[in-house]
Amino acid sequence: SQQGEEDPQALSIQEGENATMNCSYKTSINNLQWYRQNSGRGLVHLILIRSNEREKHSGRLRVTLDTSKKSSSLLITASRAADTASYFCATVDYNAGNNRKLIWGLGTSLAVNP
Amino acid sequence: EPEVTQTPSHQVTQMGQEVILRCVPISNHLYFYWYRQILGQKVEFLVSFYNNEISEKSEIFDDQFSVERPDGSNFTLKIRSTKLEDSAMYFCASSRDGRGTIYFGEGSWLTVV
């Protein structure tokens, strides 16, 4: 089964607009992390939200978590061309024994047009 | 800000050759990981390492793969006999306690020809 499915798969917006990306997951989690990846580059950690948190902010980023629906959203406000990247959610489930690995979705490809 | 560093950034190798990818995790971190991302596909977990031993490995991490922490700072991934399908971006990652943020390096592009 797949974990961390993001939607939409691709999103194109104008600079200054807000971008919302969603992520759904299947198993129980301890935390959910959002990452950004510029084309061909590394994975940059954006924000971590724990299972007992509902919302978290970091600068222009706002993440929500709804454990009853097994979903999370990432909102980027006042987007900039430099926000153009792929965004991934990844989940950690400690219940699987000693497992602390991240399980990834396919990501949302965001294009912010100047 | 401390970061995970990886070398080389890009390596081209002949099929059947051995490759070693190197990583320097963040210094006070205890959990280490290798992930890979084939072009256009999901990031996939390969292996996690804690307390000088593998704590978990995926189906991808077969006998051709091995990891080592030869000293207090380096964490290496060796592919013994590379195949074309090993071509991917390989990411090293580390975490202080396995419960919080997992930090990734910039990745090593491996191209097997």
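Residues numbered from 1 in each chain as written. Chains lettered and ligands numbered in written order. Predicted model: local features only at pLDDT ≥ 70, side-chain atom pairs only at ≥ 80, totals over all residues. Heavy atoms only, no water.

It is worth spelling out the overall build of chain A at this point. Per the secondary structure count, chain A includes 0 helices and 11 strands. When the helices and strands of chain A are placed in sequence order, the string is β-β-β-β-β-β-β-β-β-β-β. Expected size for 114 residues packed as a compact globule is a radius of gyration near 13 Å; at 14 Å, chain A falls within 12% of this value. Taken along the three principal axes of its C-alpha coordinates, chain A extends 45 × 30 × 20 Å. Just so you have it, chain A exposes about 5200 Å², and 44% of that area is on carbon and sulfur atoms. Averaging the locations of the 13 positively and 10 negatively charged side chains of chain A gives two centres separated by 7 Å. (Helix = DSSP H or I, 4+ residues; strand = E, 2+ residues; numbered from the N terminus. Rg over C-alpha atoms; globule rule 2.2 N^0.38 Å. Areas by Shrake-Rupley, 256 points an atom, 1.4 Å probe, with all protein chains shown as cover. Lys, Arg positive; Asp, Glu negative; His and termini not counted. Charge placed at Lys NZ, Arg CZ, Asp CG, Glu CD.)

Turning to the side chain of Q6 of chain B, a few remarks are in order. Residue and element names in this part refer to chain B. Mapped onto the secondary structure, Q6 falls in strand β1 (residues 5-7). Look at Q6 and you get buried, because its relative accessible area is 10%. For Q6, the side chain forms a polar contact with the main-chain nitrogen of G107, separated by 3.1 Å. Ignoring sequence-local partners within four residues, the contact set of Q6 consists of R22, C23, W34, Y90, F91, C92, G105, E106, G107 and S108. (Buried < 20%, exposed > 50% of the residue type's maximum accessible area, 1.4 Å probe, protein only. Polar contact = N/O pair within 3.5 Å; in protein donor to acceptor, adjacent residues only side chain to side chain. Contact = heavy atoms within 4.5 Å.)

All names here are of chain B. In total, this model carries 14 aromatic pairs over all chains according to the counting rule given. Centroid distance Y33 to Y35: 6.2 Å. Interplanar angle 40 degrees. Geometry classified as tilted. Comparing Y33 with Y35 shows no difference in burial state: the two are buried. Consider the rings of F49 and F75, whose centres lie 5.2 Å apart with planes at 45 degrees: the pair is tilted. Residue F49 is located in strand β5 (residues 43-50), and its partner F75 is located in strand β8 (residues 75-79); the two are separated by 26 residues in the primary sequence. Relative accessible area serves as the criterion here: at 0%, F75 is assigned to the buried category. (Phe/Tyr/Trp six-rings, centres within 6.5 Å; stacked < 30°, edge-to-face > 60°.)

For the rest of this paragraph, the subject is the sheet that holds strand β7 (residues 65-68) of chain B. Residues and elements named next belong to chain B. With antiparallel pairing, 4 strands are arranged side by side in an open sheet as β1-β3-β8-β7. Strands with a single pairing partner mark the edges of an open sheet, and in this sheet they are β1 and β7. Each strand of the sheet is rotated relative to its neighbour by a mean of 20 degrees, with strand direction disregarded. Note that strand β3 (residues 19-24) and β8 share 5 bridges and pair antiparallel. The residue of β8 that forms the bridge with R22 is T76. (Pairing = 2+ DSSP bridges. Axes fitted to C-alpha atoms, helices over the stretch in contact; angles between N-to-C directions.)

Now for unusual backbone geometry. With omega at -5 degrees, the peptide bond leading from T7 of chain B into P8 of chain B counts as cis. Of note, the phi angle at A78 of chain A is positive, near 45 degrees, even though the residue is not glycine. Note on A78 of chain A: relative accessible area 39%, which makes it partly exposed. Even without glycine at this site, N51 of chain B takes up a positive phi of about 55 degrees. Locating N51 of chain B in the fold gives a position in the loop between β5 and β6 (53-57).

Right, let's get into the confidence of the model for chain B. In this model, chain B carries an average pLDDT of 93, and 100% of its residues clear a pLDDT of 70 or more. At the low end of the mean pLDDT range in chain B sits β6 of chain B, at 91; at the high end sits β3 of chain B, at 98. (pLDDT = per-residue confidence, 0-100.)

Glancing now at the sheet that holds strand β1 (residues 5-7) of chain A. Residues and elements named next belong to chain A. Reading across from one edge, β1-β3-β8-β7-β6 is the order of the 5 strands in this open sheet, with antiparallel pairing throughout. Each edge of the sheet is formed by a strand with only one pairing partner; in this case those strands are β1 and β6 (55-58). On average, adjacent strands in this sheet sit at an angle of 15 degrees to one another, irrespective of strand direction. Two strands pair when backbone bridges link them, and strand β7 (residues 61-66) and strand β8 (residues 71-76) are joined in this way by 6 bridges, in the antiparallel orientation.

Turning next to the interface of chain B and chain A. Listed by partner, the interface residues are 22 residues for chain B and 23 residues for chain A. Summing both partners gives a buried area of about 2000 Å² for chain B against chain A, and 52% of it is carried by carbon and sulfur. Applying the counting rule to chain B against chain A returns 2 salt bridges. The salt bridge partner of E106 of chain B is R41 of chain A, with a shortest N-O separation of 2.9 Å. At the level of secondary structure, the elements contributing two or more residues to the side of chain B that touches chain A comprise β4 (31-37), β5 and β9 (88-95) of chain B. (Buried area = accessible area lost by both parts, 1.4 Å probe. Salt bridge = Lys/Arg side-chain N within 4 Å of Asp/Glu carboxyl O.)

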